[in-house]
Amino acid sequence: ISNAMCIYGYILVTILVISTISGLVAEMSAGVEVSVRMSSRMSQVVSACDVLVVAVTAGAGVYGAPRRMRNMLKFCESIASVDHSIGAQYSRVTERKLCAILLAILIFFSILIADDFCFYALQATKFQRQWSVVINYIGFYVLWYVAMILELQFAFTALSVRARFQAVNNALALTAKIVSAPVKKMYEPPPLNVLAIRMAGTEARRCANVSLLVDTLHDPDHSVIIRNTVTGEPRLVVPPCEAIRRLACLHGALCDVVHSLDRSYGLPLILILISTLLHLIVTPYFLIMEIIVSTNRIHFLVLQFLWCATHMLRMFVVVEPCHYTITEGKRTEGLVCQLMRSAPSNGSLPSRLEVFARQLMLQSVTYSPMGMCTLDRPLVASVLGAVTTYLVILIQFQRYDT
């Protein structure tokens, strides 16, 4: 981690935040008569919340970036150890697809930001304030990029962890198939390099960094559980009992990664959720007000509709990877239960499964930033309900005096 780049980031985001707040104060001081975004007292309050929440989110993202990056390096060590054990392969095709998705999101967001910025600058030409609007809002639009990149960083990291949970579950399903437990059809093993992690470096160093809940894999040479055959079919290289023990260890290590990731992104995630909630209130509010006053600004209506879709996309970008990870955790519980029902009663396999089941009871797979909420699909329903409630309140208190 470069200390010089950290200092550069601190200075840059501080300047941008100060510029954004100064621009907000200047725009509010200009009055509602000549403001292009604050045409009433209510819209002043709403726009101020809009601007401030973006500034706070971007500031929290940049100031906490070095600590999150150090934790990210630890995440990659644990994930690489899991990849080694389950025979994961690096895929350049998957990396290119992920880069294409990321690039498409950033291009769409860049076009939306540029369109929004130019629209308000052109609107300000009516009052000969175009340069004032550009100066007042340039910091706000740049901070939008910081907030969006922070969300994408968390989403891709969560997807990486979810892919490893899915691989562990596939290995568990393969073990269940060997011991003749009735399991559902196995998923096709996906490429696991969501963060493009290559298998390199010292194997012993990687395995030593994996925090194991139940047991410890002392010998890194014997930590491999699955290898692919010549035909590409996965097969166990250890007995089922030993595979269960090692899979429980890997599952515990991934749970530790989830909890560490949850702690690292706790405050930024809460700010992102608050930001998304406020923007899902603010943007439809301006859209509805524009329809009510009927000023025939079709461009503005389309722009606000695209912003509504973008904020919904932002919420799903944060929630969906966590939802899929929680789903994989529930799948693990189901596979262990099926194994416990179908495994033979003699030998050490039942005791290993019982230990694994107790581990699943004590260590849940869930994202709960700062303990305030659980990132899952029910949260989306709660946010939409809150948005509806506050929109009704805002519209009822709207006054058209200025």
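In the annotation of an unreviewed UniProt entry, the entry for the protein chain reads Gustatory receptor, and the organism field reads Papilio machaon. As its UniProt record puts it under Function (unreviewed entry), the protein chain is described as follows: "Gustatory receptor which mediates acceptance or avoidance behavior, depending on its substrates."

(A) Fine view of the overall build of the protein chain. When you go through the protein chain residue by residue, the secondary structure sums to 11 helices and two strands. Relative to its 402 residues, the protein chain shows a buried fraction of 50%. In the protein chain, once contacts between residues fewer than 6 apart in sequence are set aside, the share between residues at least 24 apart is 82%. About 19400 Å² of surface is accessible on the protein chain, with carbon and sulfur atoms providing 65% of the total.

(B) Layout of a nonpolar patch on the surface. A contiguous nonpolar surface patch, about 270 Å² in accessible area, is contributed by Ile1, Met69 and Leu73. Inspection of the secondary structure assignment puts Met69 in helix H3 (residues 65-85). Met69 sits in the partly exposed class, given a relative accessible area of 33%.

(C) Local environment of the packing of aromatic side chains. Evaluation of the coordinates by the stated rule reveals 14 aromatic pairs. Ring centres of Tyr10 and Tyr63 lie 5.7 Å apart, and the angle between their planes is 40°; on these two criteria the pair is classed as tilted. Residue Tyr10 is located in helix H1 (residues 3-30), and its partner Tyr63 is located in helix H2 (residues 41-63); the two are separated by 53 residues in the primary sequence. Given a relative accessible area of 41%, Tyr63 falls into the partly exposed group. An angle of 90° between the planes, with centres 6.2 Å apart, marks the rings of Phe109 and Trp307 as edge-to-face. In this pair, Phe109 is assigned in helix H4 (residues 92-123) and Trp307 in helix H9 (residues 298-342), connecting sequence segments 198 residues apart. Residue Phe109 is classed as buried on the basis of its relative accessible area, which comes to 1%. Exposure remark for Trp307: the relative accessible area of 6% places this residue in the buried category. A network of ring pairs unites the aromatic residues Phe109, Phe117, Phe140, Tyr141, Trp144, Tyr145 and Trp307 as a single cluster.

(D) Representation of the side chain of Arg314 in the model. Here Arg314 is to be found in helix H9. Under the relative-accessibility criterion, Arg314 is labelled buried at 2%. A distance of 3.3 Å separates the side chain of Arg314 from the side chain of Ser275, its partner in a polar contact. Among the polar contacts listed, one links the side chain of Arg314 to the side chain of His311, at a separation of 3.2 Å.

(E) The arrangement of the environment of Phe300 in detail. The topology assignment puts Phe300 in helix H9. For Phe300, a relative accessible area of 4% translates into the label buried. As for Phe300 and Glu290, which are separated by 10 residues in sequence, their C-alpha atoms are 8.2 Å apart.

(F) Layout of helix H8 (residues 266-293). With 28 residues, H8 should cover 40 Å at 1.5 Å per step; its first-to-last C-alpha distance of 41 Å lies within 8% of that length. Burial runs high along H8: 20 of the 28 residues are buried.

(G) Region of the structure containing the packing of H4 against helix H5 (residues 130-178). The geometry of H4 relative to H5 is characterised by a closest axis approach of 10 Å and an angle of 160° between their N-to-C directions. On the basis of their axis angle, the class for H4 and H5 is roughly antiparallel. For the pair H4 and H5, the sense of crossing is right-handed. Facing H4, whose interface residues are Leu98, Leu102, Ile105, Leu106, Phe109, Ser110, Ile113, Asp116, Phe117, Tyr120 and Ala121, H5 presents Gln130, Val133, Val134, Tyr137, Ile138, Tyr141, Trp144, Tyr145, Met148, Leu152 and Phe156. For the contact of H4 with H5, a count of residues per class yields 19 nonpolar, two polar and one charged.

(H) Region of interest: the UniProt feature "transmembrane region" (unreviewed entry) in the protein chain. Per the UniProt record, the feature "transmembrane region" (unreviewed entry) sits at residues 7-25, 45-65, 98-122, 134-156, 269-292, 298-317 and 379-397. Summarising residues 298-317: 100% helix, 0% strand, and an end-to-end C-alpha distance of 28 Å.

(I) Up close: the pattern of salt bridges. One pass over the structure, following the stated rule, counts eight salt bridges. Across the pair Arg245 and Glu242 runs a salt bridge whose closest N-O atoms are separated by 2.3 Å. Taken as a pair, Arg245 and Glu242 lie in helix H7 (residues 240-264) at a separation of three residues, close to a single helical turn. Residues joined by salt bridges that share partners form a network here, namely Arg162, Glu328 and Arg331.

The rules we used
Residues numbered from 1 in each chain as written. Predicted model: local features only at pLDDT ≥ 70, side-chain atom pairs only at ≥ 80, totals over all residues. Heavy atoms only, no water. UniProt positions renumbered as here; feature names shortened; annotations may be inferred. Helix = DSSP H or I, 4+ residues; strand = E, 2+ residues; numbered from the N terminus. Buried < 20%, exposed > 50% of the residue type's maximum accessible area, 1.4 Å probe, protein only. Contact = heavy atoms within 4.5 Å. Areas by Shrake-Rupley, 256 points an atom, 1.4 Å probe, with all protein chains shown as cover. Patch = residues over 30% accessible without salt bridge, like charges linked within 9 Å, V, L, I, M, F, W, Y side chains within 5 Å. Salt bridge = Lys/Arg side-chain N within 4 Å of Asp/Glu carboxyl O. Phe/Tyr/Trp six-rings, centres within 6.5 Å; stacked < 30°, edge-to-face > 60°. Polar contact = N/O pair within 3.5 Å; in protein donor to acceptor, adjacent residues only side chain to side chain. Expected span 1.5 Å × (residues − 1). Axes fitted to C-alpha atoms, helices over the stretch in contact; angles between N-to-C directions. Parallel < 35°, antiparallel > 145°, perpendicular 65-115°, else oblique. Left-handed = near helix turned anticlockwise from the far one by under 90°. Nonpolar A, V, L, I, M, F, W, Y, C, P; charged D, E, K, R; others polar.

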